[in-house]
Each structure stands twice: as structure tokens, then as C-alpha cells.
Amino acid sequence: MADFKIGQGYDVHAIADGLPMWLCGVQVPSEKGFVAHSDGDVAIHALCDALLGALGLGDIGLHFPDSDEAFAGIDSKILLRRVMDMVRSRGYRIGNVDITIALQSPKLRPLIDNMRSTLAEVLGCSVGRISVKATTTERLGFVGRGEGCEVWAVCLLEKKFCYFSK
Ligand code: MG
């Protein structure tokens, strides 16, 4: 018997010159990066929202407001660890995670395995439960013009041996 919860998250960050580009906890070699209060890891932000959504606990802005100086420049993996603590404290673990990153450049394929293992380490699950996919938008829209990066994340949480659940 298992109890499942599904969640989805979405985030966008603008791209500007001279900023670091972090995605899924991995620094992407690029002369451009994401405009943000934190380290701008738009993929981890979408994943945090998926996990929080599955638990019905609001969103990342509620828990880690960008008006709070404590989160200025913060490594988003720290935020993800805190969200995962909320998952665990409610008796759930990761069933699987699937992330889609829309970015015109650079190409992310060489970094995907590192992104998956980095997220698996933070979430405390096997790499096989983590999927990271990347696409361009064929130069269409704000992503295609290189103005921003868009990420969608979905997750399934599972609670094993649950006989009663609200
Ligand atoms: Mg964000």
C-alpha cells in the first residue's frame, strides 16, 4: 500500500551578461547568467515548487522570500535541501522527478549526467529517479532570443506502508 502525491513547478529567470549560470546545482560554462536574488538556479526553483506543490505547502517565494537578505546569492541547493526536509518530515520520499529546461544556448547535453547526480545527492535518492531534459525553442519567443530560461518540473512523492492518509 502506498500513498502518492504529484506536484508541478514552473520558473523563469532573465539572462544577462556577466552573471553565473546555475542549473540543477551545476555551474554552466557561459559568459551570461541568470538575474536573481539567489544564485538564480531556475531549475532547482521549479523543482522546489513541484515538491512544495505536491505537499500543498505553497511555493518557494512563500518559504524563501526574495525580500529577505538571508537568501541573497544563496546556493539554491540549500533551499532544495530544506524543501526535501519538509518532504521527509511528512513521511514521503522521491518517487521520481522529471525536469525540462528550455534554453537557447549553451547546449546542456554534456552537463545532464552531472545535473542528475547532483540533484539525486541533494534529494537522497538514486539517479534513476531523476530525469533532466533540455530543449531550445527553435529561436522562438523570449527563450529563443536568449533573453531568459524557462523550466518545468514534475515530481511524484511516495509514502510506503501507509494505511491511513488525509
Ligand atoms: Mg526563481
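From a predicted model like this one, the values you see are computed outputs, not experimental measurements.

**Q** Would you mind going over the pairing of strand E7 (residues 148-160) in detail, with residue names and values included?
**A** Examined bridge by bridge, strand E1 (residues 2-17) and E7 share 13 bridges and lie antiparallel to one another. Within E7, the position partnered with aspartate 3 by the bridge is lysine 159. Sheet topology places strand E5 (residues 93-102) next to E7; nine bridges connect them, and they run antiparallel. Paired with isoleucine 99 across the strands is alanine 153, a residue of E7.

**Q** So, the state of the cysteines: which residues are in play, and what are the values?
**A** Evaluation of the coordinates by the stated rule reveals zero disulfides. Not part of a disulfide, cysteine 24 finds its nearest cysteine sulfur in cysteine 149, a span of 9.3 Å. Overall, cysteine 24 belongs to the buried group, its relative accessible area being 0%. No disulfide involves cysteine 125; its sulfur sits 11 Å from that of cysteine 155, the nearest cysteine.

**Q** Before we move on, can you summarise the pattern of salt bridges with the specific residues and values?
**A** A side chain with one charge can pair with a side chain of the opposite charge if their charged atoms come near. Per the counting criterion, the structure on display carries seven salt bridges. For the salt bridge of glutamate 121 with arginine 81, the shortest nitrogen-to-oxygen distance reads 3.2 Å. Taken as a pair, glutamate 121 in helix H4 (residues 112-123) and arginine 81 in helix H3 (residues 76-89) lie far apart in primary sequence, 40 residues in all. We note a salt bridge from aspartate 85 to arginine 88, for which the minimum N-O separation is 3.6 Å. Separated by three residues within a single helix, aspartate 85 and arginine 88 lie in helix H3, roughly one turn from each other. Note on arginine 88: relative accessible area 41%, which makes it partly exposed.

**Q** Give a description of the packing of aromatic side chains that names residues and reports values.
**A** Taken as a whole and assessed by the stated rule, the structure comprises two aromatic pairs. With a centroid separation of 5.6 Å and an interplanar angle of 45 degrees, the aromatic rings of tyrosine 10 and tryptophan 152 are classed as tilted. In this pair, tyrosine 10 sits in strand E1 while tryptophan 152 sits in strand E7, placing the two residues 142 residues apart along the sequence. Classification of tryptophan 152 as partly exposed rests on a relative accessible area of 37%.

**Q** Any chance you could break down the coordination of the magnesium ion for me, citing the residues and the numbers?
**A** Here the magnesium ion is held by the protein donor atoms Asp11 (OD), His13 (NE2) and His45 (ND1), which lie 2.1 to 2.3 Å from it. If you list the donors of the magnesium ion from N- to C-terminus, the spacing comes out as D-x1-H-x31-H. Pair noted here: histidine 13 is in strand E1 and histidine 45 is in helix H1 (residues 42-55), with a separation of 32 residues, a long-range link. We classify histidine 13 as buried; its relative accessible area is 12%.

**Q** Could you give an account of H3, naming the residues involved and the relevant values?
**A** With 14 residues, H3 ought to run about 20 Å at 1.5 Å a step, and its terminal C-alpha atoms sit 20 Å apart, in line with that. Along H3, the residues classified as buried are Ser76, Lys77, Leu79, Leu80, Val83, Met84, Met86 and Val87. The buried residues of H3 occupy an angular sector of 165 degrees when projected down its axis, which confines them to one face. Buried-residue contacts for H3 involve strand E2 (22-23), H1, helix H2 (60-63), E5, H4 and E7. Just downstream of H3, glycine 91 is the residue with a positive phi angle, here 90 degrees.

What counts, and at which threshold
- Residues numbered from 1 in each chain as written.
- Predicted model: local features only at pLDDT ≥ 70, side-chain atom pairs only at ≥ 80, totals over all residues.
- Heavy atoms only, no water.
- Pairing = 2+ DSSP bridges.
- Helix = DSSP H or I, 4+ residues; strand = E, 2+ residues; numbered from the N terminus.
- Disulfide = S-S within 2.5 Å.
- Buried < 20%, exposed > 50% of the residue type's maximum accessible area, 1.4 Å probe, protein only.
- Salt bridge = Lys/Arg side-chain N within 4 Å of Asp/Glu carboxyl O.
- Phe/Tyr/Trp six-rings, centres within 6.5 Å; stacked < 30°, edge-to-face > 60°.
- Donors = N, O, S within 2.8 Å, 3.2 Å for Na, K, Ca; no water.
- Expected span 1.5 Å × (residues − 1).
- Arc of directions from axis to C-beta.
- Contact = heavy atoms within 4.5 Å.

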